[in-house]
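Below are the chains, spelled out letter by letter.
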Amino acid sequence: MHDKANSGLQVVKKEEKESRVTAFVEQHLEKIGCSGLQSEFLLVARSPESPVCRALSALAPKLAAHNITVQVVFTAIDTGAFHSESQASEALLKAATCRVVSDVRLYEAHEQLVLDDTTCWIGDCMRREPAKRDAYESYSNSCAQTAGAAAVSFSHLWRAGTCALPFTRTATPFGFKDSPEAEVIASNIAGEENVPPTALTRH
């Protein structure tokens, strides 16, 4: 995809974040088609209320049709969001495999979504509420280096995550899953488990 509106680093208004990510994912789904082969999206998000989570939740039927699963790492910043009555991301949360990172040193990491080995979206720092401010976002659809770095960052955050409170309080009603075997590419990442993950920081 070479759509200038959905590629490279750009400022995105807070009101447009969900629709922009939705369009980016939809174009990716159109590109890959329905091959029947299972694949996986890797998501790092501030909370289930983040626009990227809302976008993927709205696209849940399409993801299922493409046989795509989602792994998610949340921070524990927006603890109240896990008890939100809006349940804006319920469809995503019911199907995703999720973990929560509660180490405050990791909150400088950026929200990100890896679609494949050359396609990813990178959002704002997770300390900043995405629904309340405009921000720089990066849409990359043909860069193995960017997508690879995002996948490595996800893997480190995933290993640092747990199903700790308040996450477990909503695990049953939302149908959260946590699989010790689902470490994606962790076995290919060098380094010790206890070393703080390298976060993707840009601004």
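Here is a short report on the structure shown in this document. (Residues numbered from 1 in each chain as written. Predicted model: local features only at pLDDT ≥ 70, side-chain atom pairs only at ≥ 80, totals over all residues. Heavy atoms only, no water.)

## A word on the overall build of the chain
- The secondary structure content of the chain amounts to 6 helices and 7 strands.
- In the chain, which comprises 203 residues, the share counted as buried stands at 47%.
- Contacts spanning at least 24 positions in sequence make up 79% of the contacts within the chain whose residues lie at least 6 apart. (Helix = DSSP H or I, 4+ residues; strand = E, 2+ residues; numbered from the N terminus. Buried < 20%, exposed > 50% of the residue type's maximum accessible area, 1.4 Å probe, protein only. Contact = heavy atoms within 4.5 Å.)

## A word on a nonpolar patch on the surface
- On the surface, Leu9, Val11 and Tyr136 cluster together into a nonpolar patch covering about 310 Å² of accessible area.
- By the secondary structure assignment, valine 11 is in strand S1 (residues 8-12).
- Residue valine 11 is classed as exposed on the basis of its relative accessible area, which comes to 51%. (Patch = residues over 30% accessible without salt bridge, like charges linked within 9 Å, V, L, I, M, F, W, Y side chains within 5 Å. Areas by Shrake-Rupley, 256 points an atom, 1.4 Å probe, with all protein chains shown as cover. Salt bridge = Lys/Arg side-chain N within 4 Å of Asp/Glu carboxyl O.)

## With respect to the pairing of strand S4 (residues 97-101)
- Across the 5 residues of S4, 5 count as buried, placing the element largely inside the fold.
- Neither face of S4 is exposed, since Thr97, Arg99 and Val101 on one face and Cys98 and Val100 on the opposite face are all buried.

## Here we look at helix H1 (residues 17-32)
- Across its 16 residues, H1 extends 23 Å between first and last C-alpha, which sits within 8% of the 22 Å expected from 1.5 Å per residue.
- Restricting attention to buried positions, one finds in H1 the residues Lys17, Arg20, Val21, Thr22, Phe24, Val25, His28 and Leu29.
- One or two positions beyond H1, positive phi appears at glycine 33, with a value near 70°. (Expected span 1.5 Å × (residues − 1).)

## Focus on the pattern of salt bridges
- Counted under the stated rule, the structure contains 8 salt bridges.
- In this structure, glutamate 26 and lysine 62 form a salt bridge, with 3.0 Å as the shortest nitrogen-oxygen distance. Taken as a pair, glutamate 26 in helix H1 and lysine 62 in helix H3 (residues 60-65) lie far apart in primary sequence, 36 residues in all.
- On the basis of relative accessible area, glutamate 26 is assigned to the partly exposed category, the value being 26%.

## Description of the side chain of lysine 17
- Relative to the elements of secondary structure, lysine 17 occurs in helix H1.
- Despite its burial, lysine 17 pairs with no opposite charge, the nearest such side chain being glutamate 137 at 4.4 Å.
- What lysine 17 contacts, discounting residues up to four positions off in sequence, is Val12, Pro51, Pro130, Arg133, Asp134, Ala135 and Glu137. (Lys, Arg positive; Asp, Glu negative; His and termini not counted.)

## Things to note about the packing of H1 against helix H2 (residues 51-58)
- Axis separation between H1 and H2 bottoms out at 8 Å; the angle between their running directions is 50°. With respect to H2, the element H1 is oriented oblique. Pair H1 / H2 crosses with right-handed handedness. Taking contact as the criterion, the partners of Lys17, Glu18, Val21, Thr22 and Val25 in H1 are, on H2, Pro51, Val52, Arg54, Ala55 and Leu56.
- Here the residues of the contact of H1 with H2 are counted per class, giving 6 nonpolar, 1 polar and 3 charged. (Axes fitted to C-alpha atoms, helices over the stretch in contact; angles between N-to-C directions. Parallel < 35°, antiparallel > 145°, perpendicular 65-115°, else oblique. Left-handed = near helix turned anticlockwise from the far one by under 90°. Nonpolar A, V, L, I, M, F, W, Y, C, P; charged D, E, K, R; others polar.)

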